[in-house]
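# Coordinate inspection notes
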Amino acid sequence: MGLRVGAPQLLTGDNGVVGLSAIGTWLGIVLAMVLATIFAVISLIRGLSARSVLCSATV
């Protein structure tokens, strides 16, 4: 948001990836980061639950 206020010319026009709009490219990048974070959290939760099951099974 600060970039949009400070330098709005950077987010206008078709200067994004493969000629897409800069806002569309930015939103795509943010969406990819959100999805990667969600997948990482799910993997972490699954890994911790599998570890606890393995630890209790060996005791």
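Residues numbered from 1 in each chain as written. Predicted model: local features only at pLDDT ≥ 70, side-chain atom pairs only at ≥ 80, totals over all residues. Heavy atoms only, no water.

## Some words on the overall build of the protein chain
Basically, it comes down to this: Working definition: helices are DSSP H or I runs of at least four residues, strands are E runs of at least two. Numbering for both runs from the N terminus. Working definition: with a 1.4 Å probe on protein chains only, accessible area under 20% of the residue-type maximum means buried, over 50% means exposed, and in between means partly exposed. Per-residue accessibility takes into account occlusion by the displayed protein chains alone, with areas from the Shrake-Rupley method and a 1.4 Å probe.
Within the protein chain, the regular secondary structure consists of two helices and zero strands. Every one of the 59 residues in the protein chain was classed for burial, and the buried ones make up 7%. Looking at the protein chain as shown, the accessible area adds up to about 4,900 Å², and 75% of this sits on carbon and sulfur atoms.

## Remarks on a nonpolar patch on the surface
Here is the rule we go by: Candidates for patches are residues over 30% relative accessible area with no salt bridge; among them, like charges are joined within 9 Å and nonpolar side chains (Val, Leu, Ile, Met, Phe, Trp, Tyr) within 5 Å. Whenever a carboxyl oxygen of Asp or Glu lies within 4 Å of a side-chain nitrogen of Lys or Arg, that contact is scored as a salt bridge.
On the surface, Leu-31, Val-34, Leu-35, Ile-38, Phe-39 and Ile-42 cluster together to form a nonpolar patch covering roughly 550 Å² of accessible area. Here Leu-31 is to be found in helix 2 (residues 22-58).

## Section: the UniProt feature "transmembrane region" (unreviewed entry) in the protein chain
Put simply, the test is: UniProt positions are given in the numbering used here, feature names are shortened, and annotations may be inferred rather than shown by experiment.
Under the feature "transmembrane region" (unreviewed entry), the UniProt entry names residues 20-42. The span residues 20-42 is 91% helical and 0% strand by assignment, and the distance between its end C-alpha atoms comes to 31 Å.

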